[in-house]
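Below, each chain spelled out in residue letters.
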Amino acid sequence: MNRQFWTKDLPAAAGILLLYWVLHLLGVGCPIRFLTGISCAGCGMTRAWLSVLSLDFQSAFYYHPLWPLVPAAAAVWLLRTRLPKKFCTAFAYATAALFLAVYLFRLLDPNNPVVTFAPETGLAARGIARLASRIHSILQ
């Protein structure tokens, strides 16, 4: 492994894992959904991987059909200095396009219980509503 992995990549990955662990302990879950009330493109990925660890692949695909891309993306990221730059770029764009397509499909499906669109439940909307209520009560 190269020096960049030990000095930049590993500490960054550890920091992200620590952040998500703290959010989990606080009961937040997905920070995007918590703030906006709208599921993110990766919504269901944690549940998918928990299903994979239980060897329940049907549930894994139900929670997020792109779960197999995670180890592939990790491998490309770790090997990015040894792989052609064009390959890494194409892989990143293809992965992003797949996630966007699956996200839109799931978001537009009203019967999909995994991905939801409820901005009124997000922290931002609740904060704005509370602020508007206080301003309204002050002005009366």
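Each remark here, short or long, concerns the structure printed above.
In what follows, the accompanying structure is described. All values derive from a computational prediction rather than experimental measurement. (Residues numbered from 1 in each chain as written. Predicted model: local features only at pLDDT ≥ 70, side-chain atom pairs only at ≥ 80, totals over all residues. Heavy atoms only, no water.)

**Regarding the layout of surface pockets**
Link 1 in the chain: Quantified by volume, the largest pocket comes out at close to 1200 Å³.
Link 2 in the chain: Looking at the largest pocket, it is lined by 28 residues, and the ones nearest its centre are Ile16, Tyr20, Gly42, Met45 and Thr46.
Link 3 in the chain: Contributing elements (two or more residues each) for the lining of the largest pocket: α1 (3-25), α2 (31-36), α3 (45-53), α5 (69-78) and α6 (85-107).
Link 4 in the chain: The element contributing the most residues to the lining of the largest pocket is α1, with six residues.
Link 5 in the chain: Split into classes, the residues belonging to the lining of the largest pocket amount to 20 nonpolar, six polar and two charged. (1 Å grid on protein atoms, 1.4 Å probe; cavity = no way out; pocket = protein on both sides within 12 Å on 5 of 7 lines; lining within 4 Å. Points joined across faces, edges and corners; volume = space filled by probe spheres on them. Helix = DSSP H or I, 4+ residues; strand = E, 2+ residues; numbered from the N terminus. Nonpolar A, V, L, I, M, F, W, Y, C, P; charged D, E, K, R; others polar.)

**A word on the packing of aromatic side chains**
Ring pairs (aromatic) are described by centroid distance and by the angle formed between their planes.
Link 1 in the chain: For the structure on display, the rule yields five aromatic pairs.
Link 2 in the chain: Among the aromatic residues, ring-to-ring pairing joins Trp49, Phe57, Phe61 and Trp67 into one connected group. (Phe/Tyr/Trp six-rings, centres within 6.5 Å; stacked < 30°, edge-to-face > 60°.)

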